[in-house]
Amino acid sequence: MTAVQLTRRVALLGGAIALGGCGAVSALNTAASPRDTYDLIPRAGSTGGRQTQRTLLLALPDAPATISTDRIMIRPNAAAITYLPQARWTDELPRVVQSLLVRSISATGRIGYVGRSDGGPVPDSALLTRIDAFDVAVGADGSFTAAIDITLTVLDDRDQRVIGTRRFSQSVQVANDNPVTIVAGFQVLVDAMLPAMADWALDRA
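Notes on the structure in this doc start here.

Cut-offs used in this document
- Residues numbered from 1 in each chain as written.
- Predicted model: local features only at pLDDT ≥ 70, side-chain atom pairs only at ≥ 80, totals over all residues.
- Heavy atoms only, no water.
- Helix = DSSP H or I, 4+ residues; strand = E, 2+ residues; numbered from the N terminus.
- Contact = heavy atoms within 4.5 Å.
- Areas by Shrake-Rupley, 256 points an atom, 1.4 Å probe, with all protein chains shown as cover.
- 1 Å grid on protein atoms, 1.4 Å probe; cavity = no way out; pocket = protein on both sides within 12 Å on 5 of 7 lines; lining within 4 Å.
- Points joined across faces, edges and corners; volume = space filled by probe spheres on them.
- Nonpolar A, V, L, I, M, F, W, Y, C, P; charged D, E, K, R; others polar.
- Salt bridge = Lys/Arg side-chain N within 4 Å of Asp/Glu carboxyl O.
- Buried < 20%, exposed > 50% of the residue type's maximum accessible area, 1.4 Å probe, protein only.
- Expected span 1.5 Å × (residues − 1).
- Polar contact = N/O pair within 3.5 Å; in protein donor to acceptor, adjacent residues only side chain to side chain.

Attention shifts here to the overall build of the protein. The helix and strand inventory of the protein stands at two helices and nine strands. Starting at the N terminus, the α and β elements of the protein follow one another as β-β-β-β-β-α-β-β-β-β-α. Nonlocal contacts in the protein, meaning residues at least 24 apart in sequence, comprise 73% of its contacts between residues at least 6 apart. Per element, the accessible surface of the protein, about 9,600 Å² overall, is 51% carbon and sulfur.

On to empty space enclosed by the protein, then. Scanning the model with the defined rule gives one cavity of 30 Å³ or more in all. Looking at the largest cavity, its volume works out to about 80 Å³. Every residue along the wall of the largest cavity is listed here: Val97, Leu100, Leu101, Phe134, Ile148, Ile150, Val190, Met193, Leu194 and Met197. A total of four residues in the lining of the largest cavity trace back to one element, the largest contributor, which is helix α2 (residues 179-204). In the lining of the largest cavity, the residues fall into 10 nonpolar, no polar and no charged.

Charged atoms that come close allow side chains of opposite charge to pair. A complete count under the given rule lists 11 salt bridges for this structure. Put simply, arginine 43 and aspartate 191 hold a salt bridge, and the shortest N to O gap is 2.6 Å. Pair noted here: arginine 43 is in the loop between β2 (36-39) and β3 (55-58) and aspartate 191 is in helix α2, with a separation of 148 residues, a long-range link. Taking relative accessible area as the criterion, aspartate 191 reaches 30% and is therefore assigned partly exposed. Between aspartate 156 and arginine 161 there is a salt bridge whose closest N-O contact spans 3.6 Å. Exposure remark for aspartate 156: the relative accessible area of 3% places this residue in the buried category. Through salt bridges with shared partners, a single ionic network connects Asp156, Arg158, Asp159 and Arg161.

This next bit is on α2. Compared with the 38 Å implied by 1.5 Å per residue over 26 residues, the 36 Å span of α2 between its first and last C-alpha is a close match. Put simply, asparagine 178 is the residue that caps the front of α2, since its side-chain oxygen is 2.9 Å from the backbone nitrogen of valine 180.

Here you go:
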């Protein structure tokens with residue numbers, strides 16, 4: 001199997017979610033080596049619906065220390081964690097999620113301005129994000145399940161009033177622990193979740 005290019009986008013993977021591992025060696029047991037870098041592609045919410053010229057800023061998502069890293073986390077069981085030895089995200093996961101949300105909301109064209117809270121104009125609304133899961137669990141039968149669990153909260157920035165809170169959670173089984181397969185599984189989840197998250201936030205911004 002040839003070396004994976006340093007940076008790749010899941011859009012180029014095609015049917016990678018069904019691919020097998022590299023020979024008989026599990027990715028979890030491969031010796032440490034320079035890590036390949038993976039990105040996720042944003043998916044826009046609906047371009048129809050409520051339009052506004054308000055501004056929305058996104059705070060850096062809150063997440064446990066175990067996933068506030070650029071490593072791709074694996075849960076061999078409920079009490080243990082590890083990371084794929086040869087794979088990493090393009091940035092620490094909270095920043096990856098923040099960027100995905102900003103780009104997904106912006107791509108709808110339905111809001112005056114959306115960006116990160118460390119720049120931009122004075123916001124009308126703020127979007128807070130809590131990441132409770134963004135990992136792969138290993139089942140007792142050796143199966144692999146990728147899961148994302150994120151809670152969004154929209155605040156009125158003037159008085160800090162909570163406008164709304166909603167949890168978004170989905171999972172998908174992946175064929176093996178190959179990094180390409182796992183990242184493709186996360187892209188499946190992102191494709192399903194981001195449009196709904198963007199629309200929900202826009203309806204409350």
